[in-house]
Amino acid sequence: MSYEGKIEAILFAAGGPVKLKTLSEVVGLSKEEIVDVVNKLKEYYNMENRGLDIIFFEDKVQMCTNDNYGEIVRQALGLEIKQGLSQAALEVLAIIAYNQPITRAEIERIRGVKSDKAMNTLLEYNLIKESGRALSAGRPILYTTTEDFLKYFGIKSLKELPQIEITP
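Residue positions are given per chain, counting from 1 as you read along its sequence in written order. Under the rules for a predicted model, residues below a pLDDT of 70 receive no local features and side-chain atom pairs below 80 are neither given nor counted, while totals for whole chains, interfaces and linings still include all residues. With hydrogens and water set aside, each side-chain value is computed from the structure's full complement of heavy atoms.

(A) The overall build of the chain, seen in detail. A run of H or I in DSSP becomes a helix once it reaches four residues, and a run of E becomes a strand once it reaches two; helices and strands are each numbered from the N terminus. A count of helices and strands for the chain gives eight helices and six strands. For the chain, the α and β elements follow one another from N to C terminus as α-β-α-α-β-β-α-α-β-α-α-β-β-α. Projecting the C-alpha coordinates of the chain onto the three principal axes gives extents of approximately 55 × 40 × 30 Å. Taken across its 168 residues, the chain has 31% of its residues classed as buried. Throughout, a contact is declared for two residues whenever any of their heavy atoms are within 4.5 Å. Relative to all contacts within the chain whose residues are 6 or more apart in sequence, the contacts with residues 24 or more apart total 43%. Only the protein chains shown count as cover for residues, with accessible areas throughout obtained via the Shrake-Rupley method and a probe of 1.4 Å. Split by element, the accessible area of the chain, about 11,000 Å² in all, is 52% carbon and sulfur. For the chain, the separation between the mean place of its 21 positive charges and that of its 24 negative charges on side chains is 6 Å. When accessible area is computed with a 1.4 Å probe and restricted to protein chains, residues below 20% of their type maximum are described as buried, those above 50% as exposed, and intermediate ones as partly exposed. When charges are tallied, Lys and Arg are placed among the positive residues and Asp and Glu among the negative ones, while His and the ends of the chain are skipped. Every charge is mapped to an atom, namely NZ of Lys, CZ of Arg, CG of Asp or CD of Glu.

So, in structure tokens, the structure goes:
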């Protein structure tokens, strides 16, 4: 069995992200070697114009549909296309991405308006998640972004977010 075949089988069967550490332990290669093998698979899929692709984010890797085949897959599986995010949802998402973990009250203080609907939309789309409770009075829920957030914006980690300048 080839390393490529082992990794490909694991990623296909997982149906979601797999940690590089897990692949390393199971396949018997270092993380760096795993990345090399996965990059070769990714290159093969791209060169052959295959229906699959592999994406990296944070310390994980996932097999997914090639973007070029997205429309045909949606048609075949009857998947509805979600509308884009509203301006309010994008504002809340940016606040969370740059300030996580953060409470709803802190988000609303920054925006100056209630954010219930936007927060519910982001939770529904799994772009944010509850990630514990603050140690302050009332122990409010803390929110952070999810792996789906990284996928949605096509970035591997939060470090790839653009730098922002805060003006007084």
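(B) Local environment of the sheet that holds strand 1 (residues 18–19). Two strands form a pair only when DSSP identifies at least two bridges running between them. One open sheet holds the three strands; their spatial order is 1-3-2, and the pairing between them is antiparallel. The open sheet is flanked by strand 1 and strand 2 (52–57), the only strands paired with a single partner. Summarising the sheet, strand 1 and strand 3 (residues 60–65) pair through two bridges and their orientation is antiparallel. Following the sheet pairing, Lys19 is matched in strand 3 by Lys60. Axis lines are fitted through C-alpha atoms, for helices just across the contact stretch, and the angle between N-to-C directions can take any value from 0 to 180 degrees. Together, strand 1, strand 2 and strand 3 form the strand contacts of helix 1 (residues 3–14), whose direction differs from that of strand 3 by roughly 70 degrees. Docked against the sheet, helix 3 (residues 31–47) engages strand 2 and strand 3, running at close to 145 degrees with respect to strand 2.

(C) Summary view of the packing of helix 1 against helix 3. At a closest axis distance of 10 Å, the pairing of helix 1 and helix 3 adopts a crossing angle of 80 degrees. The orientation of helix 1 with respect to helix 3, classified from their angle, is roughly perpendicular. Residues Tyr3, Glu4, Ile7 and Glu8 of helix 1 form the contact with helix 3, whose participating residues are Ile34, Val37, Val38, Leu41 and Tyr45. Residues are sorted three ways: Asp, Glu, Lys and Arg are charged, Ala, Val, Leu, Ile, Met, Phe, Trp, Tyr, Cys and Pro are nonpolar, and all the rest, Gly among them, are polar. Taken together, the residues of the contact of helix 1 with helix 3 sort by class into seven nonpolar, no polar and two charged. An angle below 35 degrees is read as roughly parallel, one above 145 as roughly antiparallel, one from 65 to 115 as roughly perpendicular, and any other as oblique.

(D) Spatial organisation of the pattern of salt bridges. Between Lys or Arg on one side and Asp or Glu on the other, a salt bridge is scored when a side-chain nitrogen of the former is within 4 Å of a carboxyl oxygen of the latter. Within this structure, the stated rule accounts for six salt bridges. Of the charged contacts in the structure, one is a salt bridge between Asp116 and Arg104, with a shortest N-O distance of 2.9 Å. Of this pair, Asp116 sits in helix 7 (residues 116–124) while Arg104 sits in helix 6 (residues 104–111), and the two are twelve residues apart along the sequence. According to the relative accessible area criterion, Asp116 is partly exposed, its value standing at 37%.

(E) Spotlight on unusual backbone geometry. Along the chain, Gln100 connects to Pro101 via a cis peptide bond; the corresponding omega equals -5 degrees. Within the element layout of this structure, Pro101 appears in the loop between helix 5 (87–99) and strand 4 (102–103). Even without glycine at this site, Arg139 takes up a positive phi of about 45 degrees.

(F) Local environment of the sheet that holds strand 5 (residues 128–133). Taking strand neighbours across the sheet as the criterion, the three strands line up as 4-6-5 in an open arrangement whose pairing is antiparallel. Each having just a single partner strand, strand 4 and strand 5 make up the two edges of the open sheet. By the bridge criterion, two bridges tie strand 4 to strand 6 (residues 141–145) in an arrangement that is antiparallel. If you follow Thr103 over to strand 6, its bridge partner there is Leu142. Sitting on the sheet, helix 7 is in contact with strand 5 and strand 6, with an inclination near 105 degrees to strand 5.

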